[in-house]
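Topology and contacts: notes
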Amino acid sequence: MRGTRMSIAPDAKPRLPRGVRLTHNEAQGGWVLLAPERVFKADAIAAEIVKRCTGEATVGDIVDDLAKTFNAPRERIMTDVSAMLTGLADKKLIEI
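Residues numbered from 1 in each chain as written. Predicted model: local features only at pLDDT ≥ 70, side-chain atom pairs only at ≥ 80, totals over all residues. Heavy atoms only, no water.

Digging into the pairing of strand E2 (residues 30–35)
Looking down a regular strand, the side chains alternate between one sheet face and the other. Strand direction decides the pairing type here: strand E1 (residues 21–25) and E2, joined by five bridges, are antiparallel. In the strand pairing of E2, Asn25 is matched with Gly30. Connecting E1 to the next strand, E2, in antiparallel fashion are four residues, including Gly29 with a positive phi near 85 degrees. In terms of strand pairing, E2 meets strand E3 (residues 38–42) through five bridges, oriented antiparallel. (Pairing = 2+ DSSP bridges. Helix = DSSP H or I, 4+ residues; strand = E, 2+ residues; numbered from the N terminus.)

Concerning the sheet that holds E2
If you walk across this open sheet you meet the three strands as E1-E2-E3, and the pairing is antiparallel. The sheet terminates laterally at E1 and E3, the two strands that pair on one side only. The sheet shows a mean angle of 35 degrees between the axes of neighbouring strands, direction not considered. (Axes fitted to C-alpha atoms, helices over the stretch in contact; angles between N-to-C directions.)

Description of the packing of helix H2 (residues 59–70) against helix H3 (residues 74–90)
Following both chains from N to C, one finds H2 and H3 inclined at 125 degrees, their axes separated by 9 Å at the closest point. By the angle class used here, H2 and H3 are oblique. Of the two elements, H2 crosses H3, and the hand of that crossing is right-handed. For the pair formed by H2 and H3, the contact residues are Val59, Gly60, Val63, Asp64, Leu66 and Ala67 on the first element and Arg74, Ile77, Met78, Val81 and Leu85 on the second. When its residues are assigned to classes, the contact of H2 with H3 shows eight nonpolar, one polar and two charged. (Parallel < 35°, antiparallel > 145°, perpendicular 65-115°, else oblique. Left-handed = near helix turned anticlockwise from the far one by under 90°. Contact = heavy atoms within 4.5 Å. Nonpolar A, V, L, I, M, F, W, Y, C, P; charged D, E, K, R; others polar.)

Looking at unusual backbone geometry
The phi dihedral of Asn71 is positive, around 50 degrees, even though this residue is not glycine. Along the chain, the position of Asn71 falls in the loop between H2 and H3. Look at Asn71 and you get exposed, because its relative accessible area is 73%. One non-glycine residue with positive phi stands out, namely Lys92, at about 65 degrees. (Buried < 20%, exposed > 50% of the residue type's maximum accessible area, 1.4 Å probe, protein only.)

Considering helix H1 (residues 44–51)
Inspection of H1 places Ala46, Ala47, Ile49 and Val50 among the buried residues, and these make up the whole buried set. Looking down the long axis of H1, one finds its buried residues gathered within 165 degrees of arc, a one-sided arrangement. Away from the buried face of H1 by more than 90 degrees, exposed residues Ala44 and Ile45 are located. Each element contacted by the buried residues of H1 is listed here: E1, E2, E3, H2 and H3. Of the residues that open H1, the one with a side-chain oxygen 3.1 Å from the backbone nitrogen of Ile45 is Asp43. (Arc of directions from axis to C-beta. Polar contact = N/O pair within 3.5 Å; in protein donor to acceptor, adjacent residues only side chain to side chain.)

Below is the structure:
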């Protein structure tokens, strides 16, 4: 169904599922998400978000930390983080 995307609650605690990990790989040219039989290149911004997805921090905490770290508007970061986490969840690379 088009247009139906999962909405991520600010109190959700995203984490990498079993078998998925973020690693820095020079051969791949930077950060990659490794999953069983799959590799996804992560740009620097995606890597910063995924590093914070420990299952302990809420989405709100992650957004607050990124806004402070990068001195950026919280609303914009919330939009970007929600979109990215939704995409990763669709690919089964993150659990919300």
